[in-house]
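# Breakdown of the fold
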Amino acid sequence: HESVGEHREAMALRREVADATQDSADAARRYHELGVRYRDELHDPACAAEHFERALAAQPTRADSAESLEDLLQASENWRGLEHHYRARLSQVTDDAPALKLKLWQRLAGLYDKVIGDPAAAATAYEVLQHLRPDDTSVIARLAALRAADPGTRERALELYRRLLGYAAEPT
């Protein structure tokens, strides 16, 4: 049975191998595996997060690393880290992945709105969502409420409320 110190030495060697790996997909796989081991075997969420981030740097589309990092950030209530994670992923998402882009904007809007409590940032995120899903009445309603709470954006709120009324008046 390996001691924790021996285990950490083995992890350091695995990290050196991952660092030296030329193939980005293979490097991402190795970093992800290190992240899982740090999380599950050594119970070191900070090192786990670092390795999931390295996996994503090597292969930005690696969903398992993204979800693992998101879970760690949520569990530790590292909301600014989670915000950074969402923004970093959004900067890497291409237009050929609209569902992922939508999901990330929804999560970012919810984070600003319900967790961080930043109505201006939430409204900005909901504006993007409203552009991505122009007929989503729940997005329009939340954006209207946020805009109505800000005296400088009440005209925008009225415009949004008028749109909602238009949806309500449409025959079904």
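Look a little higher up for the structure.
All values derive from a computational prediction rather than experimental measurement.

## Focus: the packing of helix α7 (residues 119–132) against helix α8 (residues 137–148)
Close contact between α7 and α8 brings their axes to 9 Å; oriented N to C, the two are set at 145 degrees. When you trace α7 past α8, the crossing you get is left-handed. Residue-level contacts link P119, A122, A123, T124, Y126, E127, L129 and Q130 of α7 to V139, I140, R142, L143, L146 and R147 of α8. Tallied by class, the residues present in the contact of α7 with α8 amount to nine nonpolar, two polar and three charged.

## Looking at the nonpolar core
L108, Y126 and L129 are the most contacted members of the largest nonpolar core, which has 41 residues in total. Ignoring anything within four residues of it in the chain, the contact list for Y126 reads A109, G110, D113, K114, V139, R142, L143 and L146.

## Focus: unusual backbone geometry
Trans peptide bonds make up most of the peptide bonds, and negative phi angles are found at most residues other than glycine. Residues other than glycine seldom take positive phi values, yet H43 does so here, at roughly 50 degrees. Relative to the helices and strands, H43 resides in the loop between α2 (24–40) and α3 (45–58). Residue class for H43 comes out exposed when judged on its relative accessible area of 60%. Of note in the backbone geometry, E77 takes a positive phi value of approximately 55 degrees without being a glycine. For E77, the location among the structural elements is in the loop between α4 (63–75) and α5 (79–92). On the accessibility criterion, E77 (57% relative accessible area) is exposed.

## Re the environment of I116
By the secondary structure assignment, I116 is in helix α6 (residues 98–116). Here the alpha-carbon distance between I116 and Q22, two residues 94 residues apart in the chain, equals 39 Å. Those residues within four positions of I116 in sequence are excluded, and the remaining contacts are W79, R80 and L111.

## Quick notes on α6
Taking 1.5 Å of rise per residue, 19 residues should cover 27 Å, and α6 covers 25 Å from first to last C-alpha, within 8% of that figure. Buried within α6 are the following residues: K101, L102, L104, W105, L108, A109, G110, L111, Y112 and D113. In this structure, the buried side of α6 is in contact with α5, α7 and α8. Where α6 terminates, the next one or two residues include G117, which has phi positive at roughly 75 degrees.

About the cut-offs
Residues numbered from 1 in each chain as written. Predicted model: local features only at pLDDT ≥ 70, side-chain atom pairs only at ≥ 80, totals over all residues. Heavy atoms only, no water. Axes fitted to C-alpha atoms, helices over the stretch in contact; angles between N-to-C directions. Helix = DSSP H or I, 4+ residues; strand = E, 2+ residues; numbered from the N terminus. Left-handed = near helix turned anticlockwise from the far one by under 90°. Contact = heavy atoms within 4.5 Å. Nonpolar A, V, L, I, M, F, W, Y, C, P; charged D, E, K, R; others polar. Core = buried A, V, L, I, M, F, W, Y, C linked by side-chain atoms within 4.5 Å. Buried < 20%, exposed > 50% of the residue type's maximum accessible area, 1.4 Å probe, protein only. Expected span 1.5 Å × (residues − 1).

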